[in-house]
Each structure stands twice: as structure tokens, then as C-alpha cells.
Amino acid sequence: MNTATVRLLAIVLCLLALCGLLSLAPEAVRAEETETPDEGRRSAVIEVKEALFAQDLHSAPMPVPLPDTWSARDLDDTGIGHYRIHIELQAAPTEMWALCMSRLSDVHEVRLNGWLVSGAALDHLDPVVAGGYPTLQWISLPPHMLRVGVNHLELSVAHSSRGGLSTVVVGPAAAMAGHYLTSLRLSVMLPIWLNVAGAALAVVMLLIWWRRRSERLLGSFGALWVLIAVSNIAHYNMVTAASPLLVAAFFALQLVASATLCRTAMVLSGHPHPVALGILQVSTTVLLAMAAYGWLTDSLEAVRAGSYPMMFAGMVLAIVPLWQETRRLPLLLRCALVAAVAVSMLAALHDYVYWRGLTSVMDTFWLPYALPVSLAIVGGVLIKRLVGALHQVEQLNADLERRVVERTHALQQANQAKTRFLTAASHDLRQPVVTIGLLIDLLREQVPIALRPMTDRVNEAVSSMEDLLKGLLDLSRLEAGTVRPRLQTVALQALFDAIATHEGETARRKGITLRFRPTRDAVVSDPVMLEQILRNLVSNAVRYTESGGVLMAARRQGETLRIEVWDTGLGIPEALQHTVFEEFVQIADQRGTRPVARQSDGSGDGSRGLGLGLSIVQRSAALLGHGLHLRSRLDRGSCFSVRVPRAPTPPTVPLGPEGDPYPLRGLRLTVVEDEPAVQAAMRARLEAWGATVRTHDGLTPLRRHLASLPRGHVGIDLLITDHRLRGATGVEVIEAVRRYGGPVPVLVVTGDTAPDDLSLLAASGLQVLHKPFRADALLAAIVQALR
């Protein structure tokens, strides 16, 4: 994740939070604009600021001002209280009315003129266990419940803490809706929006940590922020009286958030002490166990009262490493962090006092407002720190890439110089080697028999020199990029036979066996390059096998063939298996020692070569797109394998019955070929198979012949045409024949390897046979075209 990505995420989240905040006020304004009451409705709204209060129904009520806070009157803020209010109306309402109270326990019983309008009966209710908390309440009043004159409003409330009641506003619902919605957004929706936006930013921090595990500080802070945001959001969405379990879960979230803050502070210190981490973990576990015990024994409030001071003390201790971490920050950011922490600490202290019921019932929790802002400041500092680090990394990467480019350019120049040298050297050395070879052949015919062994040794040395020069030339061509594969169907058995003929004598001289498992399979590859690959592998296996033998076989694997070369040689250690494909690398065979890789200095024995064979194999396989694999065990041998796409096996029975020497008997074939030698050879071959053959050396004589025939009766069972003719193409020949004779079967033969020509032929859907080809391939292509 780069700097631009982090900045973009931060901007998106800031816009999300801003949209949430801006969405609050405009909706309230629109509500007020669309629901603005007339003067009659406005004057009907009544705000009640005094009520009669009694702690039980059997004691005499006493007048109290509203808002009423029980702790301010030295009453226990936990319990049940009863309020009575008299509302006098001059006229009977004709529309929906409502009650609105900024602070009314969510566990209550509200009756109007004896009608139950909200809540449920509080008889036999234990307020300590099932009491509620003061919240914003809206109660609808149908007009038939109200009457002219005095209306009796009875409010019974049950509090787990912070007992009391706010002023009571009663009036037409339309007149009070705007004020209620504004209060709802400011007291409930605003903190929820702030914490949702904060949680989104915290999730981004966690994602950054997930991708970069080294950012432990960012990950710890993100987890802390998520926990705090979830606990704050849960505070506004849980029904405490209905589910005490949610109160316990809310408290557990606060415990985990405090523990995460302390752990984050320890991470900031650089080297957190294991003992301190252990104490933190044990303390958190004990407090969580106490929370579970308090929930089970209905004493959770007492547990919370004792735990909050400990959590507050832990937060105070966490400030020290946080402050030390800010020493490297600019003064402005440092002051912002200090202000954020100070505001959060002050809000936490206030909320504890408010939760204990020591402030007015009209008060509210500050942390849901303060923490998102404070955490956003801290998160912004951490993200700025990360962005700065990423910027430095990008600069270092750019510098490293520049150096890599310079180094790569230098290596490419050196490699090109080496290639030019090898090419020139192989060319200059080839001339004297050819001369020596010719003279040795002449000398062997004239020397006495007694000197023949000496000339044979010289001839073997010359052959080794020719092989080395051929390897250098092949490597130069591969490096220069002048080799272009010509893919076609290749029968493996013919390839195996050629390699056996070439390497069999060397194996016999060494006293080892060289076996080829017979196969009828065919593959799609370049026949010359594939033979070079397999011959190098077999030659290498024979060279490094002193006893036992070498086996080549082909195994089918789905749509591919795995051509394997097994040997019982000295094997290749696993540590050296990746080096054997490098240029001029050989595996030294030293008796009594483990094989080691060494660079050839050109002075090794002729039987070992220069160490180019496997390098040529790897480059050729990569150019063909064939997979190359090596398995080897020390002192047991090796297995080199090449994975090649499998081709349909050429049919052994063309047209006639099995063993028929005239498979094309009775067929009339027309051949268009402008090379006389190829034309003559193809005609002789086709006529030997029993076909009647007519040949043309171009499009013009073919047209003259077609013009002499009745249209639609050209007498052609199969048209065989070269693709590139003098003055025409095979496509034009096909169009001319089909214009005269209809849909005649066609076989196109070509020696073109240009990508455009090959693509054109592939897109035409015609049967194509690439030069050079053998007789069996020609017969198979004719069979396929006639189908």
C-alpha cells in the first residue's frame, strides 16, 4: 500500500464523516420548515416545570421542580419514583398530541387519565436488577384520551442509577416534532455517526496492519478504536432493562478497550516488558471474570463501580509512553495529541461521576462525543507517520530501481559482448576444424593399419571440437534471439530412433545400456529444437553414467506428454540442482568426494565438454513453452523430463484396407506447386499410392485448364496447393477452383513461418501441412482433408 492509497483512504473517510455530520442539521431544518406549526398550535404547547413526587404510592407526595435529580435531594438514585402532573386544557384536542421528555427512564409506566399510554406496570420490579436509565422519550397521545379541564398525568419510573425526571412538554405532535427530531439527532445520531466514521477509519488501520505486519502500533490502535466505537454505538442501541446480558457485554467491551490501550502504550515504548504484559493480561482476565460473576449474581453495578477507577488509572499510566513517542513530532501535532488525551481523560472522569448519579439528570455522557474526535487526531498522527515512512520507502525503491536499471544495462552490455565474442570465435575456429577434419579423413585412407588407432583418436578429438563449436553456435543463436520455433506434429518414435543411432555407439563403448521405450505418440513442437533438447539430455546422461544405463520414455499426462530421461549416474545434490542449467557449469566427478559444481575453464577433458548442453536445453525449452523438470538423488541417478503438448497420433490406416499399398486408388488429385523438384517428388509419391495426379506450376495454367472444363465438373477430388506461389497465393488458387467446381476439399502445404501468414492460415479453417514433411505426414494430412 503506497502513500497515495493511504491518503485517498483518509480523504474518503473524512468525507464520509463530514457527510454524516452535515446530514444532521439540514434534516432538522427541513423538518422545522415543513412542519412549522401555526400560532394556535404553538401556543397550545405546555412545558411542565413542577410535579408531585413520592417514592411509593403510600406516602404523601411532595412538590418538586423539574428537572428533578434524586441525588441532589439526597435521595438514593436507584429505585422507583412516582410523579403526578396536572395539565389543564381549555379545549378538547382534535389532533394527535404527544409527550416529550429529554430524560425519562426507559423502564417506566405512564398513565393519562387512567389510560396506560407507555410502558408497563412496575409492580414487583427490582430496580437494581431491571431498572433503566434516563433517555430521550416521545409518547404519542390520541386526542380521545384528553379532556377539557384538568388531565391527570402519572409517571412511575424505575432507575438502576441516575434517578430523576426532566421537564415534561405536552402539546400537538406537529408542533413538537421538529424540536424532538433535533434533540434526537444531537443526542443520539451525532455520536453514533462519529463512532461509525471512526470505526471505518480504524478498520482501514487494521487492513494496513494486515498487509504490513510490522505496523504493530497501527494495528493495536486500530483494534482499540474499533472496540471503543463498538462500545459507544452499543450504548445507544441496547435495551438495558430487557437484557442485563447486554450491560455485561458492554462492560466487557470497555474492559478490553482499556486493556488494548495499555498494550498499545507498551508497544510504543519499544520493548514491552514480559512481566508487565503478563500483569495486564491477568488483570484483564480477572476483571472479565468479575463481570461474569456480577452478571450471574445480579451485582454487576457494584463490579462496575469498583472496576472503573482501575481502568481510569491504567489509562493515566498509558499516557507516559504515548507522550514519549510524541517527542519526535512537530510542536503543533504534539499539542494536538496532548489536547486530545486531556479531553478524553476529562470526559472519562466526567462520565464516571455522571454514571454514579452525582451530576444533574439533564447531563449526558461525554466520551461518545470526545473519543471519536480524540482518536481521529491520534489516528491522523499515526497515519501521517506511516505516510512519511512509505514516502521514504518509495524514494529508496526509486533509487534502488535506478541502480538496478544501471546494473542491468551494464550486464546486458557485457552479455552482448560475450555473445559477439562467442559468435566470432565459433565462426573463426570452424574453418580450420573443417580443414583438419577433411585432412584426417584423407589421412585415414592412406596410413598403414598399424597407425589407424592413432588417426581414430585424432578423429575423435576433432569430432569433440566440432560438438563444442556447435554448442557455442547454438548458444549464440539463442541469446541473439534469431531462433524461431516452427511448431508442427512430431512423431516421437522417429525422434527416438535418430537419437539412439547417434548416442548408441558412445554408450556401448562405456559399457552401459541405452534403452528407448517404443511409442506411437506424437507431440506439437519444433522437430529440430525438440531433437536437440532430447539429444542433449541423453548425451549428458550417457556422459555422466559410469555403470548401469540410460532410459528414455514418454508418459501421457492428460493433454501433455512427459518425455523422461533416466540415468543411474552419480546424481546431483539438491543444493546444486539450480546451477546445472547455467552456462559453463559442470558437475565434478571426484572419486571419494561429493559432486560439486564448477565453472569450466575450457581445459576439461573432451568427454565432458564445456558445460553448455543443459543451458541450451533450458533456453530451448523456454522458447518452445515446454516445461523442464529435474529430479535427482545423490549416488542414485537423475531424471530430466520435458512436458510437451500431445498431438493426435497420425493414423496408420489412411483410406484403403489395412496393408493396402494403394491407399489413394481411384482419387483424382490436382497439385499446384511452382518448385519443379517438389512438384515432381510429390507427383511420384501420390501416383505410387494409386492416385491420378494433375500438376500445375501456378494460378494461370490452372485457370486455363479449368476454363476448358464444364462449369461444376472440374474432376478434382482433392486440391493440394502451395501457399506462396509466383504471382499468387494458395487462397487465390482455392477461390478459383471452388468458383468453377464448388466446395472441393483442400490441403495447403507451406514453408512460411511468418506470424501473419500463420495467423491467416489458422483463421481460414483449411487443412495445412508445414514443410518439410515426410510421406506418412503427407498421407495423414490427405486423409484428414478428405474427411
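Residues numbered from 1 in each chain as written. Predicted model: local features only at pLDDT ≥ 70, side-chain atom pairs only at ≥ 80, totals over all residues. Heavy atoms only, no water.

Visitor: I'm lost on the overall build of the protein chain in this one. Help?
Guide: Helices and strands together make up the secondary structure of the protein chain, namely 20 helices and 28 strands. For the protein chain, the residues scored as buried account for 43% of the 787 residues in total. By element, 60% of the accessible surface of the protein chain is carried by carbon and sulfur atoms, the whole surface being about 41400 Å². (Helix = DSSP H or I, 4+ residues; strand = E, 2+ residues; numbered from the N terminus. Buried < 20%, exposed > 50% of the residue type's maximum accessible area, 1.4 Å probe, protein only. Areas by Shrake-Rupley, 256 points an atom, 1.4 Å probe, with all protein chains shown as cover.)

Visitor: Would you mind showing me how to read the packing of helix α17 (residues 699–707) against helix α18 (residues 730–741) here?
Guide: Any two packed helices are characterised by the angle at which their axes cross and by the distance between the axes. Packing of α17 against α18 leaves a shortest axis separation of 11 Å and a crossing angle of 5°. When the axis of α17 is compared with that of α18, the two are roughly parallel. Packed against α17, whose contacting residues are Leu 699, Leu 702, Arg 703, Leu 706 and Ala 707, the element α18 presents Glu 732, Val 733, Ala 736, Val 737 and Tyr 740 at the interface. By residue class, the composition of the contact of α17 with α18 is eight nonpolar, no polar and two charged. (Axes fitted to C-alpha atoms, helices over the stretch in contact; angles between N-to-C directions. Parallel < 35°, antiparallel > 145°, perpendicular 65-115°, else oblique. Contact = heavy atoms within 4.5 Å. Nonpolar A, V, L, I, M, F, W, Y, C, P; charged D, E, K, R; others polar.)

Visitor: Would you take a moment to explain the nonpolar core for this structure?
Guide: Within soluble globular proteins, side chains that are nonpolar tend to cluster in buried spots. Leu 492, Leu 534, Leu 537, Met 552 and Ile 563 are the most contacted members of the largest nonpolar core, which totals 35 residues. Looking at this core, the elements that each hand over two or more residues are α13 (492–510), α14 (527–543), β16 (549–557), β17 (560–567), α15 (613–624) and β21 (637–647). With eight residues, the single largest contributor to this core is α14. Once residues lying within four places of it in the same chain are set aside, the contact partners of Ile 563 are Leu 492, Phe 496, Leu 534, Met 552, Ala 553, Ala 554, Phe 640, Ser 641, Val 642 and Val 644. Counting residues in hydrophobic clusters, the runner-up holds 27 residues, among them Tyr 83, Leu 99, Leu 112 and Val 168. (Core = buried A, V, L, I, M, F, W, Y, C linked by side-chain atoms within 4.5 Å.)

Visitor: Is there a simple way to explain α13 in this structure?
Guide: In an α-helix, one turn spans 3.6 residues, which is why side chains three or four residues apart end up on the same side. Between its first and last C-alpha, α13 extends 26 Å over 19 residues, near the 27 Å set by a 1.5 Å rise per residue. The largest bend in α13 is about 45°, located at Glu 503. Turning to α13, its buried residues number three or more, namely Leu 492, Leu 495, Phe 496, Ile 499, Glu 503, Gly 504 and Ala 507. In this structure, the buried side of α13 is in contact with β13 (488–491), β14 (513–516), β15 (522–525), α14, β16 and β17. Immediately beyond the C-terminal end of α13, within one or two residues, lies Gly 511, with a positive phi of roughly 80°. (Expected span 1.5 Å × (residues − 1). Bend = angle between axes of the 7 residues up to and from the residue.)

Visitor: Can you help me understand a nonpolar patch on the surface in this one?
Guide: Where nonpolar side chains cluster on the molecular surface, the patch consists of Leu 245, Trp 295 and Leu 296 and spans about 310 Å² of accessible area. Structurally, the position occupied by Leu 296 is in helix α8 (residues 274–296). (Patch = residues over 30% accessible without salt bridge, like charges linked within 9 Å, V, L, I, M, F, W, Y side chains within 5 Å. Salt bridge = Lys/Arg side-chain N within 4 Å of Asp/Glu carboxyl O.)

Visitor: Can you help me understand the sheet that holds strand β7 (residues 108–112) in this one?
Guide: Backbone-to-backbone hydrogen bonds pair the strands of a sheet. The strands run either parallel or antiparallel. Taken in spatial order, the six strands of this open sheet run β3-β2-β5-β10-β7-β8, and their pairing is antiparallel. Only two strands of the sheet have a single neighbouring strand rather than two, namely β3 (62–65) and β8 (115–119). Here the average twist between neighbouring strands, direction ignored, is 25°. As paired elements, strand β2 (residues 50–54) and strand β5 (residues 79–89) share three bridges and run antiparallel to each other. Pairing of Leu 52 across the sheet is with Arg 84, part of β5. (Pairing = 2+ DSSP bridges.)

Visitor: Is there a simple way to think about the packing of α14 against α15 in this case?
Guide: Look at α14 against α15: their axes get within 9 Å of each other, and the N-to-C directions meet at 150°. On the basis of the axis angle, α14 is roughly antiparallel to α15. When the axes of α14 and α15 are compared, the crossing they make is left-handed. The residues of α15 that touch α14, namely those facing Met 529, Leu 530, Gln 532, Ile 533, Asn 536, Leu 537 and Asn 540, are Gly 613, Leu 614, Ile 616, Val 617, Ser 620, Ala 621, Leu 623 and Leu 624. (Left-handed = near helix turned anticlockwise from the far one by under 90°.)

Visitor: Would you take a moment to explain unusual backbone geometry for this structure?
Guide: Most peptide bonds take the trans configuration, and most residues that are not glycine carry a negative phi. Omega for the peptide link from Leu 66 to Pro 67 comes to 5°, which places this bond in the cis form. As for its placement among the helices and strands, Pro 67 is situated in the loop between β3 and β4 (68–69). Look at Asn 113: it is not a glycine, yet its phi comes out positive at around 55°. Positive phi values are uncommon outside glycine, yet Arg 162 reaches one of about 55°.

Visitor: Would you take a moment to explain the environment of Leu 112 for this structure?
Guide: Summarising the element assignment, Leu 112 is placed in strand β7. Assessed through its relative accessible area of 2%, Leu 112 is described here as buried. Between the C-alpha atom of Leu 112 and that of Met 145, which follows or precedes it by 33 residues, the distance is 7.0 Å. With near-sequence residues (within four places) excluded, Leu 112 lies in contact with Val 117, Leu 141, Met 145, Leu 146, Asn 151, His 152 and Leu 153.

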